[in-house]
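Overview (structure and organization)
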Amino acid sequence: MLDAEDRQVMLEACGVMATVPAGSLLVSPPEYPDPSLVLNGDAVEQVNPVCQAAAEDVEALGVVTGENGTVITIQGRDYRVLSARESASGFTVLELGAV
């Protein structure tokens, strides 16, 4: 697991600025997970984009998840934060949905 300083360095190197109602944070650009990881029988489940952020920033800015989750703007596009989970490297992975 990366420590907070290493996560911040990585986000500064390849991240983009995102805004939420409480402020701004660096996130990885949104990407779609590998559809083969979300197979349901022969059908692919709905695949939402995800991005990564520093867990400290997500907590400090009060990002909430779910159907009424926080709206986050990344690269000029609005998303709703549907879920958040910790990655093995210590980042928080945010699942993004349509607003």
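Below, the structure is looked at part by part. These figures come from a predicted structure and were not determined experimentally.

Calculation notes
- The numbering scheme is per chain: residues are counted from 1 as the chain's sequence reads.
- For this predicted model, a pLDDT threshold of at least 70 governs which residues receive local features, and a threshold of 80 or more governs which side-chain atom pairs are given and counted, while totals over whole chains, interfaces and linings are taken from all residues.
- In computing side-chain values, all of the structure's heavy atoms are included and hydrogens and water are not.
- By definition, any uninterrupted DSSP run of H or I lasting at least four residues is a helix, any uninterrupted run of E lasting at least two residues is a strand, and each is numbered from the N terminus.
- The classification of residues rests on relative accessible area computed with a 1.4 Å probe and restricted to protein chains. Under 20% of the type maximum is buried, over 50% is exposed, and intermediate values are partly exposed.
- When checking whether two residues touch, look at their non-hydrogen atoms; a contact exists if any pair is within 4.5 Å.
- Among the buried residues, those of types Ala, Val, Leu, Ile, Met, Phe, Trp, Tyr and Cys that are joined through side-chain atoms within 4.5 Å form a nonpolar core.

Quick word on the environment of Gly97
Position of Gly97 relative to the elements: it lies in strand S8 (residues 91-97). The class of Gly97 is buried, set by a relative accessible area of 7%. Spatially, the C-alpha atom of Gly97 lies 7.2 Å from that of Pro49, the residues being 48 residues apart in sequence. In this structure Gly97 touches Tyr79, Arg80 and Leu82, once residues within four positions along its chain are discounted.

Side note on the environment of Pro49
By the secondary structure assignment, Pro49 is in the loop between strand S4 (43-44) and strand S5 (50-54). The class for Pro49 is buried, based on a relative accessible area of 7%. Among all residues touching Pro49, those that are not within four sequence positions of it are Pro30, Glu31, Tyr32, Tyr79, Leu94, Glu95 and Leu96.

Focus on the nonpolar core
Ranked by size, the top nonpolar core spans 16 residues in total, and within it Leu25, Val27, Ile72, Ile74, Leu94 and Leu96 carry the most contacts. Secondary-structure elements contributing two or more residues to this core are strand S1 (16-20), strand S2 (23-27), S5, strand S6 (71-74), strand S7 (77-86) and S8. Per element, the largest residue contribution to this core is three residues, and it comes from S1.

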